[in-house]
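Below are the chains, spelled out letter by letter.
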Amino acid sequence: MNFKKNIGLEDIRSSRDILLILFFSLFFILGFSFEKYALALIPFALLFTILVFQNLKLGFYCAAILLPLSINIPAGFIPVTLNTPLEPILFTLTLSVLYHILFKGTNRSLLFHPLSILAAVLCTLYLTSSCFSTMPLVSLRIVLQNLCFIIPAFWGLLYCSQEDSYFPVKVLTAALISFTVLCFIHFFEHAQYSFSRMYAADIPYPFYTDHTIYSAMAALMIPLAFIRMTWYAQRNTLKFLFYTIVFLLCISALILSYSRAALLSIIVAYALYLIIKLRLHWTIICSMLLLAVIVLFSQQDKILMSLRRNQTESKTKKTDVEKQLKSMVNVSNDVSNLERINRWNSAFRMIKEKPFLGFGYGTYQHQYFAYQKESEMTTISIRNPQARYLSGTGGTTHSEYLLMASENGILAGVTFTLLVFSSIWLMLKNLKQLHSKSYEYYVIMGLGMSLTTYIVHSFFNNFLDTSKISFVFYAMLAALVSLDINIRESHTKKYLTRFTDQNNLL
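Below or above, wherever it landed, is the structure these notes cover.

Basis of the calculations
Residues numbered from 1 in each chain as written. Predicted model: local features only at pLDDT ≥ 70, side-chain atom pairs only at ≥ 80, totals over all residues. Heavy atoms only, no water. Helix = DSSP H or I, 4+ residues; strand = E, 2+ residues; numbered from the N terminus. Buried < 20%, exposed > 50% of the residue type's maximum accessible area, 1.4 Å probe, protein only. Contact = heavy atoms within 4.5 Å. Areas by Shrake-Rupley, 256 points an atom, 1.4 Å probe, with all protein chains shown as cover. Expected span 1.5 Å × (residues − 1). Bend = angle between axes of the 7 residues up to and from the residue. Polar contact = N/O pair within 3.5 Å; in protein donor to acceptor, adjacent residues only side chain to side chain. Core = buried A, V, L, I, M, F, W, Y, C linked by side-chain atoms within 4.5 Å. Axes fitted to C-alpha atoms, helices over the stretch in contact; angles between N-to-C directions. Parallel < 35°, antiparallel > 145°, perpendicular 65-115°, else oblique. Left-handed = near helix turned anticlockwise from the far one by under 90°. Nonpolar A, V, L, I, M, F, W, Y, C, P; charged D, E, K, R; others polar. Phe/Tyr/Trp six-rings, centres within 6.5 Å; stacked < 30°, edge-to-face > 60°. Lys NZ or Arg CZ within 6 Å of the ring centre and 35° of its normal. Patch = residues over 30% accessible without salt bridge, like charges linked within 9 Å, V, L, I, M, F, W, Y side chains within 5 Å. Salt bridge = Lys/Arg side-chain N within 4 Å of Asp/Glu carboxyl O. Lys, Arg positive; Asp, Glu negative; His and termini not counted. Charge placed at Lys NZ, Arg CZ, Asp CG, Glu CD.

## As for the overall build of the protein
Phase 1: Check the secondary structure of the protein and you find 23 helices and two strands.
Phase 2: Per-residue burial over the protein gives 46% buried out of 506 residues.
Phase 3: Nonlocal contacts in the protein, meaning residues at least 24 apart in sequence, comprise 73% of its contacts between residues at least 6 apart.
Phase 4: Total accessible area computed for the protein in this model is approximately 26,400 Å², and 67% of it derives from carbon and sulfur atoms.

Dropping the structure here:
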């Protein structure tokens, strides 16, 4: 008997299906038997990985939609907490992006764009400082984790933008709409407590572990919603109404989060918007700033006296937006402000001790205790994290710039500063070349405003070590790079066409 003839293609497929079912069942049984629920998700993770390798863009849309709705879940089989499903998706996207870039190649203009070079230098400095870290294992784990945020959000979206230069913008729009759903839920949840400040810190949980991260995301999303709302104002009534609702919900999330830094960042972003729309020349702006400095210097005694009299605190139960902003300059009794100054000074001392390579990525929260001064410490200062907190939860610098410099060296701090401010320069450069009524103009304006909010916010907080903020931030940089290259190439084509036409006439 010829067994080969008797075994058909359908039998092979049937056997494969049975094996897949057994494979799934095994992980389900093991996961639920040992209460390691992450094991039960492994088969789905493998299937999703295969799907992402085949369709990279689908993976990015999944990441964007699920980004605001992800929650922290212990991995179970390893002592790590993952923001699920976002971080597993980003890890899968990282592998897929590296595979596509290394084996399929990419446009050189994407890799050698000034912002791309600065991002690559920054990542290299992260790895270098981690190799010489005071806590190498901690630093290497955190730097690898952060690379899994940066690689897909920046280089992955740039890779996909080769076919569609607006793809990064589409991914950000998906994240905006998903975030708005969360804002809608939180608005009505907060309404049950009469929008009291007492509950502001708890409302975003479990999707955001801190209300300041929630407010930073709202600040990043508001300009995107605002720009789309203004673009559709006289073009599409339904879309205008839709994005108006999106804009208002994001505004409500910002205000009800009671975050001073986020409020200030959105004010600065809209100040930039007005400067651009009014076409104010930079000489006028510099003259106004110089005049302000002269007035401040001449009235410094009165101003210092006013600051000493300012007793407005940010943590009072009946605080409002006005009091929140006033409390920002209260350096006499606002504990939050005084503790920030303590953390900043500690970071400065750390930078002074290790200026070149820093203490290593992710080590500030472990190392800064010894660099505090008793005279600068407050009632909320942490002296020994082991006493009341878990190891490594001693807090952070409350400044992205100082955190970069203290952990990764001054060069990393300077590189990050160049990266963020170069993005604003890139925005302004492109806005000059574009017509003010074009869609590209509106999109680039929105991206620049959003990045401005985080540039300002970075003076008071640091969130790039969180997957949600990091993904959106680097996706915005990728969107700017993609549109810049597209604009540059379209201008080159127009010039070449015009040059060819002139030669033909001759």
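## Observations regarding helix α11 (residues 211-232)
Phase 1: For α11, spanning 22 residues, the distance from its first C-alpha to its last is 31 Å, which sits close to the expected 32 Å at 1.5 Å a residue.
Phase 2: Its maximal kink placed at Met221, α11 deviates by approximately 25°, while the proline Pro223 follows within four residues.
Phase 3: Judged by how many residues are buried, α11 sits mostly within the fold: 21 of 22 residues are covered.

## Topic: the side chain of Arg260
Phase 1: Note that Arg260 resides in helix α13 (residues 260-277).
Phase 2: A distance of 3.0 Å separates the side chain of Arg260 from the side chain of Asn337, its partner in a polar contact.

## Comments concerning the nonpolar core
Phase 1: Counting 114 residues, the largest nonpolar core has Phe60, Phe154 and Tyr474 as its most contacted members.
Phase 2: Per element, the largest residue contribution to this core is 16 residues, and it comes from α11.
Phase 3: Phe60 has contacts with Leu93, Val97, Pro152, Gly156, Leu157, Cys160, Phe167, Val171 and Phe471, leaving out every residue within four places of it along the chain.
Phase 4: With twelve residues, the next largest nonpolar core counts Met350, Tyr371, Leu402 and Ala405 among its residues.

## Side note on unusual backbone geometry
Phase 1: Of note, the bond from Thr84 into Pro85 is cis; its omega dihedral lies within 30 degrees of zero at 5°.
Phase 2: Residue placement: Pro85 occurs in the loop between β2 (81-84) and α6 (86-104).
Phase 3: Put simply, Tyr205 and Pro206 share a cis peptide bond, and its omega is 5°.
Phase 4: By the element assignment, Pro206 lies in the loop between α10 (167-191) and α11.
Phase 5: Residues other than glycine seldom take positive phi values, yet Tyr258 does so here, at roughly 55°.
Phase 6: With respect to the element layout, Tyr258 can be found in the loop between α12 (237-256) and α13.
Phase 7: Assessed through its relative accessible area of 13%, Tyr258 is described here as buried.

## Thoughts on the side chain of Thr363
Phase 1: Relative to the elements of secondary structure, Thr363 occurs in the loop between α17 (335-353) and α18 (364-367).
Phase 2: For Thr363, the side chain forms a polar contact with the main-chain oxygen of Phe359, separated by 3.2 Å.
Phase 3: Setting aside residues no more than four positions away along its own chain, Thr363 makes contact with Ser133, Thr134, Met135, Ser139 and Glu407.

## Description of the packing of α11 against α13
Phase 1: Packing of α11 against α13 brings their axes to within 9 Å, and their N-to-C directions diverge by 25°. As far as their axial angle goes, α13 and α11 are roughly parallel. α13 is crossed by α11, and the crossing has right-handed handedness. Residue-level contacts link Ser215, Ala219, Ile222, Pro223, Phe226 and Ile227 of α11 to Ala262, Ser265, Ile266, Tyr270 and Tyr273 of α13.
Phase 2: Its residues assigned to classes, the contact of α11 with α13 comprises nine nonpolar, two polar and no charged.

## What about the packing of α10 against α12?
Phase 1: The contact between α10 and α12 brings their axes to 9 Å, and the two run at 55°. Classified by the interaxial angle, the pair formed by α10 and α12 is oblique. You can see that α10 and α12 cross each other, and the crossing is left-handed. Each of Thr173, Leu176, Ile177, Phe179, Thr180, Cys183, Phe184, Phe187 and His190 in α10 lies in contact with α12, whose residues at this interface are Phe242, Tyr243, Val246, Leu249, Cys250, Ser252, Ala253 and Leu256.
Phase 2: Class assignment for the residues of the contact of α10 with α12 results in 13 nonpolar, four polar and no charged.

## Considerations on the environment of Leu256
Phase 1: On the secondary structure map, Leu256 appears in helix α12.
Phase 2: Taking the C-alpha atoms as reference, Leu256 lies 8.5 Å from Ser196; in sequence the two are 60 residues apart.
Phase 3: Beyond its immediate sequence surroundings of up to four residues, Leu256 is in contact with Phe187, His190, Phe195 and Ala200.

## Quick notes on the packing of aromatic side chains
Phase 1: In the structure shown here, the tally under the stated rule is 31 aromatic pairs.
Phase 2: When the ring of Phe179 is compared with that of Tyr208, the centres are 6.3 Å apart and the planes differ by 90°; the resulting orientation is edge-to-face. Linking Phe179 in helix α10 with Tyr208 in the loop between α10 and α11, this pair joins segments that are 29 residues apart in sequence. For the residue pair Phe179 and Tyr208, the accessibility class agrees, reading buried in each case.
Phase 3: Pairwise contacts between aromatic rings join Tyr401, Phe416, Tyr454, Phe459, Phe473 and Tyr474 into one cluster.
Phase 4: The ring of Phe359 has Lys354 lying over it, and the distance from NZ or CZ to the ring centre is 5.7 Å.

## Let's talk about a positive patch on the surface
Phase 1: On the surface, a cluster of positive charge is contributed by Arg235, Lys277, Arg279 and Lys437.
Phase 2: Since its relative accessible area comes to 55%, Lys437 is described here as exposed.

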